[in-house]
Amino acid sequence: KTHTHYNKEYIEIAKKYNSKIIISMRDLRDVMISRYHHIMIDKKHWQHKMIKDLNFNNGFIESLNQTDKSQKFIKPIDYFYNWIKNWKTHAKNNKNYLVLWYEEFIQNSENYISKIVDYLDFEDLNVNKIKSKLDQEKEVYKENSLAENLNLLDKKTFREGKLFGWKKTLDKTTLEKFNASLPGNISNDDQKELER
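All chains use their own residue numbering, which begins from 1 and follows the written sequence. Totals for whole chains, interfaces and linings use all residues, but because this is a predicted model, local features are given only for residues with pLDDT of at least 70 and pairs of side-chain atoms are given and counted only at 80 or more. Side-chain figures throughout are based on the complete set of non-hydrogen atoms in the structure, without hydrogens or water.

> Looking at this structure, how should I read the pairing of strand S2 (residues 97-101)?
Looking along a regular strand, one sees the side chains alternate between the two faces of the sheet. Only protein chains enter the area calculation, which uses a 1.4 Å probe; residues under 20% of their type maximum are buried, those over 50% are exposed, and those in between are partly exposed. A run of DSSP states H or I qualifies as a helix once it reaches four residues; a run of E qualifies as a strand once it reaches two. Both are numbered from the N-terminal end. In terms of residue burial, S2 counts as a mostly covered element, since four of its five residues are buried. Here strand S1 (residues 21-25) pairs with S2 via five bridges, running parallel. Opposite Ile 23, over in S2, you have Val 99 as the bridge partner. Pairing between strands is defined by DSSP: at least two bridges between them are needed.

> Whenever I open this one, the side chain of Asp 78 confuses me. Can you help?
Topologically, Asp 78 is positioned in helix H5 (residues 76-91). Only four residue types enter the charge count, namely Lys and Arg as positive and Asp and Glu as negative; His and the chain termini do not. One side-chain nitrogen of Lys or Arg within 4 Å of one carboxyl oxygen of Asp or Glu is enough to make a salt bridge. For the buried Asp 78, no salt bridge is present, and the opposite-charge side chain at shortest range is Lys 75, 4.4 Å distant. With residues up to four places along the chain from it excluded, the contact list for Asp 78 reads Ser 181 and Pro 183. What makes two residues a contact is simply this: any of their non-hydrogen atoms within 4.5 Å.

> Which parts of the structure should I look at to understand the pattern of salt bridges?
If the charged atoms of two oppositely charged side chains come close together, the side chains can form a pair. If you walk through the whole model with that rule in mind, you get five salt bridges. Across the pair Arg 29 and Asp 27 runs a salt bridge, and its minimum N-O distance is 2.7 Å. There is no split in this pair, since Arg 29 and Asp 27 are both buried.

> What is the right way to read a negative patch on the surface from this model?
A cluster of acidic residues, Asp 118, Asp 121, Glu 123 and Asp 124, forms a negative patch at the surface. Along the chain, Asp 124 falls in the loop between helix H7 (109-120) and helix H8 (127-143). Taking relative accessible area as the criterion, Asp 124 reaches 79% and is therefore assigned exposed. Patches were defined on residues exceeding 30% relative accessible area and lacking a salt bridge, with like-charge contacts within 9 Å and nonpolar side-chain contacts (Val, Leu, Ile, Met, Phe, Trp, Tyr) within 5 Å. To measure how exposed things are, a 1.4 Å probe is used in the Shrake-Rupley method; for residues, cover is taken only from the protein chains shown. By convention, the charge on Lys lies at NZ, on Arg at CZ, on Asp at CG and on Glu at CD.

> What's the story with the packing of helix H2 (residues 28-41) against H5 in this structure? I'm lost.
The description of two helices packed together rests on the angle between their axes and the distance between the axes. Where H2 contacts H5, the axes come no closer than 11 Å and their chain directions differ by 135 degrees. Considered as vectors, H2 and H5 are oriented oblique to each other. Two packed elements cross with a definite hand, and for H2 against H5 that hand is right-handed. Every residue of H5 that contacts H2 at Leu 28, Val 31, Met 32 and Arg 35 is listed here: Pro 76, Ile 77, Phe 80, Tyr 81 and Ile 84. Classification convention: Asp, Glu, Lys, Arg as charged; Ala, Val, Leu, Ile, Met, Phe, Trp, Tyr, Cys, Pro as nonpolar; all other residues, Gly among them, as polar. For the contact of H2 with H5, the class distribution of residues is eight nonpolar, no polar and one charged. Every axis corresponds to a line fitted to the C-alpha atoms, with the helix fit spanning only the stretch in contact, and the corresponding angles, defined between N-to-C directions, vary from 0 to 180 degrees. With respect to orientation, any angle under 35 degrees is reported as roughly parallel, any angle over 145 as roughly antiparallel, any angle of 65 to 115 as roughly perpendicular, and every other angle as oblique. By definition, turning the near helix anticlockwise from the far helix through less than a right angle yields a left-handed crossing, and turning it clockwise yields a right-handed one.

> So what exactly am I meant to see when it comes to a nonpolar patch on the surface here?
Where nonpolar side chains cluster on the molecular surface, the patch consists of Tyr 10, Ile 13 and Tyr 17 and spans about 320 Å² of accessible area. Secondary-structure assignment places Tyr 17 in the loop between helix H1 (8-16) and S1. You can call Tyr 17 exposed: its relative accessible area is 56%.

> Whenever I open this one, the nonpolar core confuses me. Can you help?
Grouped burial of nonpolar side chains is what soluble globular proteins tend to show. Definition used in this section: a nonpolar core is a set of buried Ala, Val, Leu, Ile, Met, Phe, Trp, Tyr and Cys residues joined via side-chain atoms within 4.5 Å. Ranked by size, the top nonpolar core spans 29 residues in total, and within it Leu 28, Met 32, Phe 60 and Phe 178 carry the most contacts. For this core, the secondary-structure elements that each account for two or more residues are H1, S1, H2, helix H4 (56-65), H5 and S2. It is H5 that provides the largest number of residues to this core, a total of seven residues. The contact partners of Leu 28, leaving out residues within four places of it in the chain, are Ile 77, Phe 80, Tyr 81, Ile 84, Phe 178, Leu 182 and Ile 186. By size, the runner-up hydrophobic cluster in this structure holds eight residues, among which are Phe 105, Tyr 112, Ile 113 and Val 117.

> Help me out: how do you make sense of H4 in this one?
Each full turn of the α-helix corresponds to 3.6 residues, which orients residues three or four apart in the same direction. Gly 59, Phe 60, Ile 61, Ser 63 and Leu 64 are the residues of H4 that are buried. Buried residues belonging to H4 abut H2, helix H3 (48-51), H5 and helix H11 (172-181). Whenever a nitrogen or oxygen atom comes within 3.5 Å of another N or O atom, the pair is scored as a polar contact, on the condition that within protein one atom can donate a hydrogen and the other can accept it, and that pairs from neighbouring residues in sequence are kept only if both atoms are in side chains. One side-chain oxygen of the residue at the start of H4 lies 3.2 Å from the amide nitrogen of Asn 57, identifying that residue as Asn 55.

> Mind showing me how you'd approach the environment of Val 127 here?
Tracing the chain through its elements places Val 127 in helix H8. A sequence separation of 13 residues divides Val 127 from Ser 114, and the C-alpha atoms of the two residues are 6.2 Å apart.

> It is not clear to me how the packing of aromatic side chains should be interpreted in this structure. Could you clarify?
We describe a pair of aromatic rings using the distance from one ring centre to the other and the angle between the two ring planes. Here is the rule: rings of Phe, Tyr and Trp (six-membered ring for Trp) pair when centre to centre is within 6.5 Å. Planes less than 30 degrees apart are stacked, more than 60 are edge-to-face, and the remainder are tilted. Taken as a whole and assessed by the stated rule, the structure comprises 10 aromatic pairs. On the numbers, 4.9 Å between centres and 90 degrees between planes, the contact of Tyr 36 with Phe 56 is edge-to-face. Of this pair, Tyr 36 sits in helix H2 while Phe 56 sits in helix H4, placing them 20 residues apart in sequence. Using a relative accessible area of 5% as the deciding quantity, one classes Tyr 36 as buried. Residue class for Phe 56 comes out partly exposed when judged on its relative accessible area of 22%.

Here it is, written out as structure tokens:
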């Protein structure tokens, strides 16, 4: 399952069946940029009309902070920040959880896949075959625009998927506004390690 927010009910189900859980997270700055582009393409999105006529910097910041009844008036930045925080907090020191980062996949996909294969004890799986299959699939979606991918039956949200895209996309002022919008500190040891 992808895009699963933390929920105690899910944890209880996992405990009941003694399931292993794999959590793959992504730098929140890149998550929110990706979300912005999704909103701009998806005319049915609740924020589309609110930001479609704004320049990128203003539209991006507005997309973080606007609230809507359908979202229970929670700011999107708070929702996604807490999504990551809650999973990390719950997974800490728990052997039934494997926490990975998307950035790690981009930097060294073989190592990322190997960690999953080892964690699940799937010795029969060939890491190189899995990587090759993923690379082939990614190439197909890279040829399409985000709008085309979203119109597919299984809705692929792949746009660029580049490593630390926020560094090239957010100017100093916009990054400062992003950081001021956060409900807590974005810095963590995982991200510092990945950015080296």
